[in-house]
Amino acid sequence: MFLVACCGDGSSTAANENANGAGSEFDASSNTLKDSRDGKAYKTVKIGNRVWMAENLDYETGNAVCGEMEYLTLYGCRYSWDEAKTVCPGDWRLPRQAEWNTLIEFVGDSSTAGKILKATNTWSDKGRYKDGTDDYGFTALPGGVRLPQRGKTHQSFVNSGAFFWSVTEVDDDESITLVLRYENDAAATLFENYKDAGVSVRCVKD
C-alpha cells in the first residue's frame, strides 16, 4: 500500500465569490451551502470553531472521477491533490493538516475520532464492520480512494474507507490525507498520500 503513517460562521445567507468567480451561498441558520457553479446544495456542520461541509464535494471537473459506479454517487467526486486545492466553492477551501488535527482532538483523539465522525449507516453494509456514531454530524462515508497504477494509464478503485485531502504538502509527490478505515472501527489517522491518487474533498469555511 502506498500510504505511510505520519505524523467562523455568519448569521445570515450571503453570496460570496472566490478569485475565479465561483460563488457560494452559506446559510448558517439552516446549515447549508449552495455551490453557485452548478446549483448543488450541501449540508454543513460547525464543530468547534470551524464550519465544515457535512457531505463530500460533488462538483464535476474535467479530471475528477464522479459517479464511477451508480451506487457510488452518494460519495461525491474524487480529485487529485492539485485539483482539490482549487475545487472548493467561493469562501470555502481545502483544510490544512492542522485543522484536521484540531477536529480529531475536539471530538476525541486519533484512537476514537473515526467512530465519532463516521456515518451511522453504510459502513456495516460490508459485513463484519461497524457503523459510526456520527456524534457531531460530520457523516463520513466510505467513498474510498482511486489508486494510481505506476507505469500504466488506468487507475483502480479501492473502497477501503473514507479518505479526505488536506492542502498540506509533504514534498513534490505526496501530501497529507485523513483516513477512516473499515478495519479499524474507531481510529482517524493522517497519512502521506500520492498527489495523483483520487480522494474525496470536504471543504472548510474561511
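I will try to describe carefully the structure that is included in this document. None of these values were measured; they are calculated from a predicted model. (Residues numbered from 1 in each chain as written. Predicted model: local features only at pLDDT ≥ 70, side-chain atom pairs only at ≥ 80, totals over all residues. Heavy atoms only, no water.)

## Some details on the overall build of the chain
Thinking step 1. When you go through the chain residue by residue, the secondary structure sums to 3 helices and 15 strands.
Thinking step 2. The proportion of buried residues among the 206 residues of the chain is 50%.
Thinking step 3. Of the roughly 9400 Å² that the chain leaves accessible, carbon and sulfur atoms contribute 45%. (Helix = DSSP H or I, 4+ residues; strand = E, 2+ residues; numbered from the N terminus. Buried < 20%, exposed > 50% of the residue type's maximum accessible area, 1.4 Å probe, protein only. Areas by Shrake-Rupley, 256 points an atom, 1.4 Å probe, with all protein chains shown as cover.)

## Digging into the side chain of Ser-175
Thinking step 1. Locating Ser-175 in the fold gives a position in strand S13 (residues 174–181).
Thinking step 2. A polar atom in the side chain of Ser-175 sits 3.3 Å from the side chain of Trp-81. (Polar contact = N/O pair within 3.5 Å; in protein donor to acceptor, adjacent residues only side chain to side chain.)

## Section: the environment of Tyr-59
Thinking step 1. Position of Tyr-59 among the secondary structure elements: in the loop between strand S6 (50–53) and strand S7 (65–66).
Thinking step 2. Spatially, the C-alpha atoms of Tyr-59 and Gly-39 are 9.8 Å apart, while their sequence positions differ by 20 residues.
Thinking step 3. The contact partners of Tyr-59, leaving out residues within four places of it in the chain, are Asp-35, Arg-37, Asp-38, Tyr-42, Ala-64, Cys-66, Cys-77, Tyr-79 and Val-87. (Contact = heavy atoms within 4.5 Å.)

## Here's the deal with the state of the cysteines
Thinking step 1. Applying the stated rule across the entire model yields 2 disulfides.
Thinking step 2. Note on cysteine connectivity: Cys-66 is disulfide-linked to Cys-77, with sulfurs 2.0 Å apart. Between Cys-66 and Cys-77, the S-S torsion sits near 110 degrees, and that sign places the bridge as right-handed. Of this pair, Cys-66 sits in strand S7 while Cys-77 sits in strand S8 (residues 77–78); the two residues are 11 residues apart in sequence, bridging distant segments of the chain.
Thinking step 3. According to the relative accessible area criterion, Cys-66 is partly exposed, its value standing at 23%.
Thinking step 4. The disulfide that involves Cys-88 links it to Cys-203, with 2.1 Å between the sulfurs. Taking the sign of the torsion about the S-S bond as the criterion, the disulfide between Cys-88 and Cys-203, at about -95 degrees, is left-handed. Of this pair, Cys-88 sits in the loop between helix H1 (81–84) and strand S9 (92–93) while Cys-203 sits in the loop between strand S14 (189–194) and strand S15 (204–205); the two residues are 115 residues apart in sequence, bridging distant segments of the chain. For the pair formed by Cys-88 and Cys-203, the shared burial category is buried. (Disulfide = S-S within 2.5 Å.)

## Section: the packing of aromatic side chains
Thinking step 1. If you walk through the whole model with that rule in mind, you get 9 aromatic pairs.
Thinking step 2. Measuring from ring centre to ring centre gives 5.8 Å for Phe-106 and Tyr-136, while their planes differ by 65 degrees; the resulting arrangement is edge-to-face. Remark: Tyr-136 occurs in the loop between helix H3 (113–117) and strand S10 (145–148) and Phe-106 occurs in helix H2 (residues 97–107); sequence separation between them is 30 residues.
Thinking step 3. By relative accessible area, which is 33% here, Tyr-136 ends up partly exposed.
Thinking step 4. With a centroid separation of 5.1 Å and 50 degrees between ring planes, the pair formed by Tyr-129 and Tyr-182 is classed as tilted. (Phe/Tyr/Trp six-rings, centres within 6.5 Å; stacked < 30°, edge-to-face > 60°.)

## Some details on the pattern of salt bridges
Thinking step 1. Tallied over the full model, the rule gives 9 salt bridges.
Thinking step 2. Between Arg-37 and Asp-35 there is a salt bridge, with the nearest N and O atoms lying 2.7 Å from each other.
Thinking step 3. Judged by its relative accessible area of 25%, Arg-37 falls in the partly exposed class.
Thinking step 4. We note a salt bridge from Glu-183 to Arg-181, for which the minimum N-O separation is 4.0 Å.
Thinking step 5. Taken together, the salt bridges that share partners define one network made up of Arg-50, Arg-93, Arg-96, Glu-99 and Asp-206. (Salt bridge = Lys/Arg side-chain N within 4 Å of Asp/Glu carboxyl O.)

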